[in-house]
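# Tertiary structure, described
Each chain, letter by letter, is given below.
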Amino acid sequence: MGKHFSDRLRCCSYPFGSDDDQPMVMEICVGINSNDELVVSVDFHDYNNPAYNCSTAAVVNGGDARRMARRHGVRFEELPRFVSDCMAQWRELVNPTFGQVVSCFKEITECLLDERCRFRVERSYGPCGFRCC
């Protein structure tokens, strides 16, 4: 199994990512895991040295995610797209940096807290404890 949490998600939506013409890329993925929890992950891809691939994810309690979907009038399976659409202004940036991807991830987690969603942070690591954020 790979180091990217997004590889294990369904109903995925990708609200924002760094410049994809570079050999190292960070992208945010929002999806639903096998436990029916909403997951917002930041995946780091190093195409020259894949050992450094890693992820950081905010995993939202399933009940809280379902309540959020009901509050906003969307089906649970549509929640990843809803979160992604709420971050549309980030996609206007040209050649986004890693720092901007991390800032977008932070904004999403702050919105989840505003929605009273409980979440835990999970990480996968590269060599020597390398992590993406």
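Up top is the structure.
Quick look at the structure, then. (Residues numbered from 1 in each chain as written. Predicted model: local features only at pLDDT ≥ 70, side-chain atom pairs only at ≥ 80, totals over all residues. Heavy atoms only, no water.)

### Examining the environment of Gly 31
Looking at where Gly 31 falls in the secondary structure, it is placed in strand 2 (residues 24-32). Given the relative accessible area of 0%, Gly 31 is considered buried. Taking the C-alpha atoms as reference points, Gly 31 and Leu 93, separated by 62 residues in sequence, lie 23 Å from one another. Gly 31 has contacts with Leu 9, Arg 10, Cys 11, Cys 12, Glu 37, Leu 38, Val 39 and Pro 80, leaving out every residue within four places of it along the chain. (Helix = DSSP H or I, 4+ residues; strand = E, 2+ residues; numbered from the N terminus. Buried < 20%, exposed > 50% of the residue type's maximum accessible area, 1.4 Å probe, protein only. Contact = heavy atoms within 4.5 Å.)

### A look at the pattern of salt bridges
Any two side chains of opposite charge can pair, on the condition that their charged atoms come close. Tallied over the full model, the rule gives ten salt bridges. Between Arg 75 and Glu 78 there is a salt bridge, with the nearest N and O atoms lying 3.3 Å from each other. Look at Arg 75 and you get exposed, because its relative accessible area is 51%. Relative accessible area serves as the criterion here: at 36%, Glu 78 is assigned to the partly exposed category. Salt bridges sharing common partners tie together Arg 10, Asp 36 and Arg 66. (Salt bridge = Lys/Arg side-chain N within 4 Å of Asp/Glu carboxyl O.)

### Notes on the nonpolar core
Counting residues in hydrophobic clusters, the biggest one holds 28 residues, and the most contacted among them are Ile 28, Leu 38, Leu 79, Ile 108 and Leu 112. Listing elements by their share of this core, those giving two or more residues are strand 2, strand 3 (38-46), strand 4 (54-60), helix 1 (62-71), helix 2 (79-86) and helix 3 (98-114). With five residues, the top contributor of residues to this core is helix 3. Once residues within four sequence positions are removed from consideration, Leu 79 is found in contact with Leu 38, Ala 65, Met 68, Ala 69 and Val 74. (Core = buried A, V, L, I, M, F, W, Y, C linked by side-chain atoms within 4.5 Å.)

### As for the sheet that holds strand 5 (residues 119-124)
Ordered by their spatial adjacency, five strands build an open sheet running 1-2-3-4-5, and the pairing between neighbours is antiparallel. Edge positions in the sheet fall to strand 1 (10-17) and strand 5, since each has one partner strand and no second. Adjacent strand axes in the sheet meet at a mean angle of 20 degrees, parallel and antiparallel pairs treated alike. Pairing analysis gives four bridges linking strand 1 to strand 2, with the strands arranged antiparallel. Counted as the bridge partner of Phe 16 is Ile 28 from strand 2. Most of the contacts of helix 2 go to strand 1, to which it runs at about 10 degrees, and overall it touches strand 1, strand 2 and strand 3. Of the strands in this sheet, strand 1, strand 2, strand 3, strand 4 and strand 5 touch helix 3, which is tilted by about 20 degrees from strand 2. (Pairing = 2+ DSSP bridges. Axes fitted to C-alpha atoms, helices over the stretch in contact; angles between N-to-C directions.)

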